[in-house]
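Chain by chain, the residues run as shown.
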Number of protein chains: 2
Amino acid sequence: MPIPPPALSALTEIFGDRLSLRAADRDHHAGSETFHHAPPPDAVAWPLTTEEVSRALSVCNEHRVPVIGWGTGTSLEGHALATHGGLVIDLSRMDRVIEVRPGDMQVTVQPGVTREALNTELRATGLFFPVDPGANASLGGMAATRASGTTAVRYGTMRDNVLALEVVLADGRVIRTGTRAAKSSAGYDLTALMVGSEGTLGIITELTLRLHGQPEQVAAAVCAFPTLESAVECVTATIQSGIPMARIEFVDALSIRAVNAYAHRSYPETPHLFVEFNGSAESVRADAEAFGDLARECGGTGFDWADTPEERAALWRMRHQAYPACLALRAGAKGVVTDVCVPMSHLAGAVAAASADIAAEGMTGPILGHVGDGNFHSLLLVDPGDADQLARAKGIARRMAERALAVRGTISGEHGIGIGKRPLMAAEHGDGWAVMGTIKAALDPNNILNPGKLVPDRN
Amino acid sequence: MPIPPPALSALTEIFGDRLSLRAADRDHHAGSETFHHAPPPDAVAWPLTTEEVSRALSVCNEHRVPVIGWGTGTSLEGHALATHGGLVIDLSRMDRVIEVRPGDMQVTVQPGVTREALNTELRATGLFFPVDPGANASLGGMAATRASGTTAVRYGTMRDNVLALEVVLADGRVIRTGTRAAKSSAGYDLTALMVGSEGTLGIITELTLRLHGQPEQVAAAVCAFPTLESAVECVTATIQSGIPMARIEFVDALSIRAVNAYAHRSYPETPHLFVEFNGSAESVRADAEAFGDLARECGGTGFDWADTPEERAALWRMRHQAYPACLALRAGAKGVVTDVCVPMSHLAGAVAAASADIAAEGMTGPILGHVGDGNFHSLLLVDPGDADQLARAKGIARRMAERALAVRGTISGEHGIGIGKRPLMAAEHGDGWAVMGTIKAALDPNNILNPGKLVPDRN
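Bear in mind that the values here come from a model prediction, so they are computed numbers and not experimental data.

(A) Spotlight on the confidence of the model for chain A. Summary statistics for chain A give a mean pLDDT of 94 and a share of 99% for residues scoring 70 or more. Both confidence scores are given for the complex: pTM 0.97, ipTM 0.96.

Structure below.
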């Protein structure tokens, strides 16, 4: 159902030439980095202020027009696809860093600020924002999907680093959740409810984020292990010994082969851990030594330490290049990216089972992940147009999620639900999924906010 | 309205002689440690299983009987008072530690387990549960009020340490929120929604908690400062320098006078900081030295280090005794305890303003708090039956909260809302408070769960 003419003229009044019905603009907001697809939205608007978002939502609520928030379009489960048509609200022009408060170690930003832009802005303050999902996503989008990434083991996820939000509700009301205090017990945690709600409960128009001190010293290393099990054993031992890690990443033998080819390296083609320690010069040295001892006990060899900022940047660039590197394993292939998170005691078993399943299906699917959290991914390579391969990849992803649930893990560690993981929500949450639907229906009775995503279909 | 006879007979069928209508049992569940009062509930039940709670809620929902969860009765804002009559569900007999999973650093408990009982049970594992509100509260109650305390600066609050819950909803449905994975982005964060909901959205019947490694080394100290400002300056400097503290507590001159009298000490009657460092022997020594340097720069003197577990226990017992010690400043007095939390940059100003207000009113009100979070309390001493004093104490508490809001802090750092802070909710949350009411109405349409608390009255 296209946008009704009275709604369109009201939206034009709000946005002027920042409302577009052009095919190019609509198509640009229909794509996705993955195999998820949907027709383009009916229109795209680029608000500059909270008030514009509020007025737009009032109009859309009155006329039952679906509204989909858009950050940078880097989500992986089709979160921002306009499956029911409607208006995409592209927040990329609300990209101001509103206020840095070094004394409180906080910053207030508009939702279109990307994490890299924020950290560039913060460079001179001695502070930084640590959550790093790899992509240079917008902070509003990262909050909406409860993103995390390589540093969550030390600094937490968006759940832990969003202190307060300004949110426009379905009916255009603007609320402020949370405060600038470090903690609060004043009522329902609406901030936590909005973080991870994927645009189904409101549009985030402002975020107050926790910042952290730039560490005095950083040391990073990569280290080879003979087997998957020995690498995971090293992770578990490190965590239990209380050694504080800033990052600890697992990369399997196939990923290393891909990285070697892509980035012209010559690492041994066995499982590796990438680690990083932050702190004072003294504590980083002590932590690195303690980790080195544990790693060697688990069979780790060939430590390659990156001491300078340049070497470190190169090392983490290599880790983040694993995605294109793995895609390059098979010319023209697209990736189906899986994302489960399991209790630490089940991590080795879960990775081994995933690996065996991928092999049994004859697929190419390197495995890598943020193993300090029990979170890992496989990148299943699928030839475009090969429906059978795509079905088998989806089967592998589904079984991986089912195995995670069997050990009381989760179907999504950090990528969220969107449309991709929605069929698995009932299995993870049982009646809790219906509760999510009840909350959604209460706050968005006309179901205009990102309909068809995350919650059950309404009866 | 008393419990209707059909409901009473259905409840008797469920609980047998674990349902009581006796005045002594009802009165025992009508008291509170504060000046908040209400008539006793109509009945008290002691369930042993989730199924009993579920059946009881079905009955109460059908017959519109209010249901109030009860842990240890140590809340400070009248959370568990039966202001609308009804059934108190006392969870103290659901006190089993269900499963300790050292490999995952997690434990699953029933809600009636107290934090001290849990830590006794964990002693041999090398792990502990860090959240410490002072009182030996039940873990279910601590989750329901989003408790924190002295260790939050290092280990977080209940928000950060509850991974998963089993909750019985108003209609008797049992849901499981969260998983055993360290993080998840699978839908709305129902765990965070339930933590701090004060029994208004459901009754918690099981909790999965994060555990932490018992630190290899612990060092604690108390240190005197010439002024409030110099003590707070030391806190801010310590946090900004990134020195990891396990606890950092402010105690004002009047509290010290009270502790000296009560515990036969002879500390100088000036503001003090109590601090604790956890870690390896090496890191604790380095942290303590770095803190000592900062404290001396801020004018700190007279370090009294507690090195042995016994000395440390004595030191923290003294800090936790501040409450009875301060009450003992004035024979027969009752305390009105305030609880605000402000951004760090406003802490010194907020404490100074509170202190001036207390002096201007001619009240006795020592100030102390978990200043690493910006959270502080005053214990305003009120003679029983003195209505004027009580009104002035409430005025001081209200103005303290209003000043916290003026600097974008919160009206409750850790004690919650109950009935005491409810009149201030609109000022903190604006339309967000109405959103809380909408969620409550959607999940508890008959308003049986702890009615009259936390959310707005229903139209």
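This is not the end of the story, as more comes after the structure.
(B) View of the packing of aromatic side chains. Residue and element names in this part refer to chain A. Summed over all chains, the structure comprises twelve aromatic pairs over all chains. Taking the centre distance of 6.1 Å and the plane angle of 10 degrees together, the rings of F303 and W305 count as stacked. Relative accessible area serves as the criterion here: at 29%, W305 is assigned to the partly exposed category. An aromatic cluster is built from F277, F291, F303 and W305, whose rings are joined through pairwise contacts.

(C) Spatial organisation of the environment of H320(A). Residue placement: H320(A) occurs in helix α12 (residues 309-320). Spatially, the C-alpha atom of H320(A) lies 8.7 Å from that of A135(A), the residues being 185 residues apart in sequence.

(D) The arrangement of the interface of chain A and chain B in detail. Counting from both sides, the interface comprises 72 residues of chain A and, opposite them, 72 residues of chain B. Summing both sides of the interface, chain A and chain B together bury roughly 5900 Å²; the carbon and sulfur share of this comes to 56%. For the pair chain A and chain B, the number of links is six salt bridges. Taken together, the links from chain A to chain B amount to 40 residue pairs in polar contact (both at pLDDT 80 or more). Residue assignment for the side of chain A that touches chain B shows that the elements contributing at least two residues are α7 (158-161), β9 (174-178), α8 (190-194), α9 (228-240), α11 (281-297), α16 (425-429) and α17 (431-443) of chain A. A class-by-class count of the residues in the side of chain A that touches chain B yields 30 nonpolar, 25 polar and 17 charged.

(E) Quick peek at helix α14 (residues 347-360) of chain B. Residue and element names in this part refer to chain B. With 14 residues, α14 ought to run about 20 Å at 1.5 Å a step, and its terminal C-alpha atoms sit 20 Å apart, in line with that. For α14, the complete set of buried residues consists of L347, A350, V351, A354, D357 and I358. Buried residues of α14, viewed axially, fall in a sector of 125 degrees; they line one side. Opposite its buried face, α14 presents the exposed residues A359 and A360, each directed more than 90 degrees away. Looking at the buried side of α14, the elements it contacts are α9 (228-240), β13 (247-251), β18 (367-370), β19 (375-382) and α15 (387-406).

(F) Spatial organisation of the pattern of salt bridges. Taken as a whole and assessed by the stated rule, the structure comprises 50 salt bridges over all chains. A salt bridge links D373(B) to K183(A); its shortest N-O distance comes to 3.2 Å. Placement of D373(B) in the loop between β18 and β19 and of K183(A) in the loop between β9 and α8 is noted, with the two residues assigned to different chains. What makes D373(B) buried here is its relative accessible area of 8%. With relative accessibility at 7%, the residue K183(A) sits in the buried group. A cluster of three or more residues bridged by salt bridges with shared partners is formed by R115(A), E116(A), D132(A), R247(A) and E276(A).

(G) Geometry of the state of the cysteines. Residues and elements named next belong to chain B. Throughout the structure, instances matching the rule amount to zero disulfides over all chains. Free cysteine: C223, not disulfide-bonded; nearest cysteine sulfur from C234 at 6.5 Å. In this structure C223 comes out as buried when scored by relative accessible area, which is 1%.

(H) Looking closely at the pairing of strand β8 (residues 162-168) of chain B. Residues and elements named next belong to chain B. Burial analysis of β8 places seven of its seven residues in the buried class, which makes it a mostly covered element. With six bridges connecting them, β8 and strand β10 (residues 203-210) associate as antiparallel partners. Along β10, the bridge assignment pairs A164 with T208. Where β8 and strand β9 (residues 174-178) come together, five bridges link them in antiparallel fashion. Paired with A164 across the bridge in β9 is G178. Taking the residues that link successive antiparallel strands as the turn, the β8-β9 hairpin has five residues, and the phi of G172 there is positive, at about 95 degrees.

Calculation criteria
Residues numbered from 1 in each chain as written. Chains lettered and ligands numbered in written order. Predicted model: local features only at pLDDT ≥ 70, side-chain atom pairs only at ≥ 80, totals over all residues. Heavy atoms only, no water. pLDDT = per-residue confidence, 0-100. Phe/Tyr/Trp six-rings, centres within 6.5 Å; stacked < 30°, edge-to-face > 60°. Buried < 20%, exposed > 50% of the residue type's maximum accessible area, 1.4 Å probe, protein only. Helix = DSSP H or I, 4+ residues; strand = E, 2+ residues; numbered from the N terminus. Contact = heavy atoms within 4.5 Å. Buried area = accessible area lost by both parts, 1.4 Å probe. Salt bridge = Lys/Arg side-chain N within 4 Å of Asp/Glu carboxyl O. Polar contact = N/O pair within 3.5 Å; in protein donor to acceptor, adjacent residues only side chain to side chain. Nonpolar A, V, L, I, M, F, W, Y, C, P; charged D, E, K, R; others polar. Expected span 1.5 Å × (residues − 1). Arc of directions from axis to C-beta. Disulfide = S-S within 2.5 Å. Pairing = 2+ DSSP bridges.

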